[in-house]
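Residues per chain are reported as follows:
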Amino acid sequence: RPHNRDCMRIAAIDVGSNSLHMVIVEADRRGSFQVLDRERDMVRLGAGALSRGRLPASIMRSGLSVLRRYKKLAQIHRVDKIIAVATSAVRSASNGDDFLERVGRETGIWPKVIPGEEEARLVYLAAQHSVHLEGKRALVMDLGGGSFEMALGTGRKIERVFTERLGVLRVSEKFVRTDPISPKDE
């Protein structure tokens, strides 16, 4: 569809431990927006990285491939700005910065590693946009692949945030030894 010049098109990318997400929106000056496209790919960057402390080369290649596709989609939608964040797997991997440098050089997307507290804040604000709480006090929780975040607040005012290195991939790598799960691992 034609690009409305009174609006800005933004691609937001989440480089998570379990999956990569991209949402493309057209936002107006009042802060309202319309979603133009969404993508989600289960890359599992944290697989192996969360327990061994390094992103495996094969998984980094998969992540790069997905991010190249996201860049092409952003170009097709003629976005004005790409915002990308990386979370737990990249944050805790000894080669996380190397991966992000390669992503930037090869795709032109430069993800910023954010701390767990910022992740909690962003998840809370996203929930405020999608769930109509009308000023009610809310506890928003996000269980990711590598970490768990909570934020408590009323409206746009956040009172407390909490983050813990306790995600689905992190816990399963530590405690589950069989696939499918055996009675011993249950």
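Structure first, text after, so check above.
Residues numbered from 1 in each chain as written. Predicted model: local features only at pLDDT ≥ 70, side-chain atom pairs only at ≥ 80, totals over all residues. Heavy atoms only, no water.

Caption draft 1: Molecular detail of the overall build of the protein. The secondary structure content of the protein amounts to 6 helices and 8 strands. Helices (α) and strands (β) of the protein occur, in sequence order from the N terminus, as β-β-β-α-α-β-α-α-β-α-β-β-β-α. For the protein, the C-alpha radius of gyration of 18 Å lies close to 16 Å, the compact-globule estimate for 186 residues. Reported as C-alpha extents along the three principal axes, the dimensions of the protein are approximately 55 × 45 × 30 Å. Within the protein, the proportion of its 186 residues that are buried is 43%. (Helix = DSSP H or I, 4+ residues; strand = E, 2+ residues; numbered from the N terminus. Rg over C-alpha atoms; globule rule 2.2 N^0.38 Å. Buried < 20%, exposed > 50% of the residue type's maximum accessible area, 1.4 Å probe, protein only.)

Caption draft 2: How the structure looks around the sheet that holds strand β2 (residues 20–27). Taken in spatial order, the 5 strands of this open sheet run β3-β2-β1-β4-β5, and their pairing is mixed. Each edge of the open sheet is held by one strand with a lone partner, namely β3 (33–41) and β5 (112–113). Of the pairings in the sheet, the one linking β2 to β3 comprises 8 bridges and is antiparallel in character. Within β3, the position partnered with A27 by the bridge is F33. (Pairing = 2+ DSSP bridges.)

Caption draft 3: Layout of the nonpolar core. Membership of the largest hydrophobic core comes to 31 residues, with the highest contact counts inside it found for I13, V15, L20, L45, L55, V90 and F99. Elements with a contribution of two residues or more to this core: β1 (8–15), β2, α1 (49–52), α2 (57–76), β4 (81–86), α3 (88–92) and α4 (96–107). Examining the composition of this core, we find that 8 residues originate from one element, α2, more than from any other. In contact with V90, other than residues within four places in its own chain, are V15, L45, L55, G96, F99, L100 and V113. Counting 6 residues, the second-largest nonpolar core is a separate cluster that includes A120, A127, V140 and A151. (Core = buried A, V, L, I, M, F, W, Y, C linked by side-chain atoms within 4.5 Å. Contact = heavy atoms within 4.5 Å.)

Caption draft 4: Quick look at the environment of E106. Relative to the helices and strands, E106 resides in helix α4. Here the alpha-carbon distance between E106 and F148, two residues 42 residues apart in the chain, equals 30 Å. What E106 contacts, discounting residues up to four positions off in sequence, is L64 and R68. A distance of 2.6 Å separates a polar atom in the side chain of E106 from a polar atom in the side chain of R68. (Polar contact = N/O pair within 3.5 Å; in protein donor to acceptor, adjacent residues only side chain to side chain.)

Caption draft 5: The arrangement of the packing of α2 against α4 in detail. Running from N to C, α2 and α4 point in directions that differ by 35°, and their axes come no closer than 10 Å. Here α2 runs over α4; the crossing is right-handed. Contacts between α2 and α4 pair M60, L64, L67, R68 and K71 from the former with F99, R102, V103, E106 and T107 from the latter. Residues of the contact of α2 with α4, tallied by class, amount to 5 nonpolar, 1 polar and 4 charged. (Axes fitted to C-alpha atoms, helices over the stretch in contact; angles between N-to-C directions. Left-handed = near helix turned anticlockwise from the far one by under 90°. Nonpolar A, V, L, I, M, F, W, Y, C, P; charged D, E, K, R; others polar.)

Caption draft 6: Focus on unusual backbone geometry. One non-glycine residue, R44, lies in the positive phi region at around 60°. If you trace the backbone, R44 turns up in the loop between β3 and α1. With relative accessibility at 38%, the residue R44 sits in the partly exposed group. With a phi close to 55°, R78 is a non-glycine residue in the positive phi region. Among the structural elements, R78 can be located in the loop between α2 and β4. Looking at R78, the relative accessible area reads 41%, which means it is partly exposed.

Caption draft 7: Representation of the pattern of salt bridges. Under the counting rule described, the total for this entry stands at 9 salt bridges. R30 is paired through a salt bridge with D28; the nearest N and O atoms lie 2.9 Å apart. Its relative accessible area of 72% is what places R30 among the exposed residues. With its nearest N and O atoms 2.6 Å apart, the salt bridge here joins R69 to D41. Linking R69 in helix α2 with D41 in strand β3, this pair joins segments that are 28 residues apart in sequence. Residue classification places R69 among the partly exposed positions, given a relative accessible area of 32%. By sharing partners, the salt bridges in this structure join E39, D41 and R69 into a single network. (Salt bridge = Lys/Arg side-chain N within 4 Å of Asp/Glu carboxyl O.)

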